[in-house]
Amino acid sequence: QEDGLREQCVTAINEYVQANPTGLVVCSRIGDYQALQNQLTLAQALVLQPLANGQIEQFIEQLNTDDKEGMLHLIQVDWQLREALRSPLLLNLFAQSFPNLQANDESASGKRNRTVESRRQALFAAYVSSTFAPVAKKDKSEAPTQLQHQDSMRWLSFLAAQQQRRGSSRFFVEELQPTWVPFRIVKRY
């Protein structure tokens with residue numbers, strides 16, 4: 001059924017482009033697109049490829065941080081992490097969260113059973129931890145407490161689950177619905 005809808009979508013896009021000869025960008029997963037009977041009538045196509053080892057290393061070498069050597073060493077000895085970093089998003093997260101990733105790695109067990117997906121998850125977890133890390137301030141009382149961190153993670157996880165249940169990947173506070181909140185909480189307000 002999805003393929004039928006995709007075919008209809010390609011037909012509609014082709015008709016639109018013929019009627020309105022303006023610039024248009026269409027994004028798709030290559031496998032899904034190649035499986036279609038119809039193809040888009042495009043002047044040009046661009047296929048994004050995963051980052052190569054050299055591109056990953058070049059990005060890290062251009063960073064303005066003392067952690068460069070440690071980062072380069074880690075991707076040399078941890079091939080699963082290097083595979084996870086082939087995405088520009090994850091490579092940026094790696095640069096931002098390296099100290100937390102390194103700290104989590106030193107305390108983690110089962111290093112032999114790592115997978116690319118587990119390294120991806122560890123990278124996201126390190127990024128979230130670095131995002132919640134207290135910022136050096138004159139008044140230490142403003143730093144988030146462990147309880148605030150846990151509450152934030154719980155509510156963010158709840159929002160993500162609600163988004164996923166509704167098939168949405170973008171969050172807009174204006175779209176929050178009372179039906180998202182458990183009934184016992186709605187009664188309070």
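Reading the values: rules and limits
- Residues numbered from 1 in each chain as written.
- Predicted model: local features only at pLDDT ≥ 70, side-chain atom pairs only at ≥ 80, totals over all residues.
- Heavy atoms only, no water.
- Helix = DSSP H or I, 4+ residues; strand = E, 2+ residues; numbered from the N terminus.
- Buried < 20%, exposed > 50% of the residue type's maximum accessible area, 1.4 Å probe, protein only.
- Arc of directions from axis to C-beta.
- Patch = residues over 30% accessible without salt bridge, like charges linked within 9 Å, V, L, I, M, F, W, Y side chains within 5 Å.
- Areas by Shrake-Rupley, 256 points an atom, 1.4 Å probe, with all protein chains shown as cover.
- Salt bridge = Lys/Arg side-chain N within 4 Å of Asp/Glu carboxyl O.
- Polar contact = N/O pair within 3.5 Å; in protein donor to acceptor, adjacent residues only side chain to side chain.
- Contact = heavy atoms within 4.5 Å.
- Axes fitted to C-alpha atoms, helices over the stretch in contact; angles between N-to-C directions.
- Parallel < 35°, antiparallel > 145°, perpendicular 65-115°, else oblique.
- Left-handed = near helix turned anticlockwise from the far one by under 90°.
- Nonpolar A, V, L, I, M, F, W, Y, C, P; charged D, E, K, R; others polar.
- Phe/Tyr/Trp six-rings, centres within 6.5 Å; stacked < 30°, edge-to-face > 60°.

**Q** Before we go on, may I ask you to explain the environment of Ala-122 in this structure?
**A** As for its placement among the helices and strands, Ala-122 is situated in helix H7 (residues 116-132). Judged by its relative accessible area of 22%, Ala-122 is partly exposed.

**Q** What exactly am I supposed to notice about helix H4 (residues 68-77) here?
**A** Two residues of an α-helix separated by three or four positions point the same way, owing to the 3.6 residues in each turn. Every buried residue of H4 is accounted for by Met-71, Leu-72, Leu-74 and Ile-75. One face of H4 carries all of its buried residues, which in axial projection span an arc of 160°. Away from the buried face of H4 by more than 90 degrees, exposed residues Glu-69, His-73 and Val-77 are located.

**Q** For this particular structure, what's the right way to read a nonpolar patch on the surface?
**A** On the surface, a cluster of nonpolar side chains totalling about 270 Å² of accessible area is made up of Tyr-16, Leu-24 and Val-26. Its location among the elements puts Tyr-16 in helix H1 (residues 2-19). Tyr-16 gets classed as partly exposed once you look at its relative accessible area, which sits at 44%.

**Q** Would you explain the side chain of Arg-86 in this entry?
**A** Looking at where Arg-86 falls in the secondary structure, it is placed in the loop between helix H5 (79-84) and helix H6 (88-107). Taking the relative accessible area as the measure of exposure, Arg-86 reaches 18% and is therefore buried. A distance of 2.8 Å separates the side chain of Arg-86 from the backbone oxygen of Leu-51, its partner in a polar contact. Among all residues touching Arg-86, those that are not within four sequence positions of it are Pro-50, Leu-51, Ala-52, Asn-53 and Ile-56.

**Q** Got a minute to help me understand the packing of helix H3 (residues 53-61) against H4 in this structure?
**A** Remark: H3 packs on H4, axes separated minimally by 9 Å, with the N-to-C direction vectors making an angle of 160°. The angle between the axes of H3 and H4 places the two elements in the roughly antiparallel class. The hand of the H3/H4 crossing is right-handed. Between H3 and H4, the residues in contact are Ile-56, Glu-57, Ile-60 and Glu-61 and Lys-68, Met-71, Leu-72, Ile-75 and Gln-76, respectively. The residue makeup of the contact of H3 with H4, split by class, is five nonpolar, one polar and three charged.

**Q** Whenever I open this one, the packing of aromatic side chains confuses me. Can you help?
**A** Given two aromatic rings, one states the distance between the centres and the angle between the planes to describe the pair. Taken as a whole, this structure holds two aromatic pairs when the rule is applied. The interplanar angle of 80° and the centroid separation of 5.6 Å between the aromatic rings of Phe-94 and Phe-98 together place this pair among those described as edge-to-face. Highlighted residues: Phe-94 and Phe-98, both in helix H6, separated by four residues, approximately one helical turn. According to the relative accessible area criterion, Phe-94 is buried, its value standing at 0%. Seen in terms of ring centroids, Trp-155 and Phe-158 are 5.5 Å apart; in terms of plane orientation they differ by 85°. Their pairing is edge-to-face. With Trp-155 and Phe-158 both in helix H8 (residues 146-165) and three residues apart, this pair spans about one turn of that helix.

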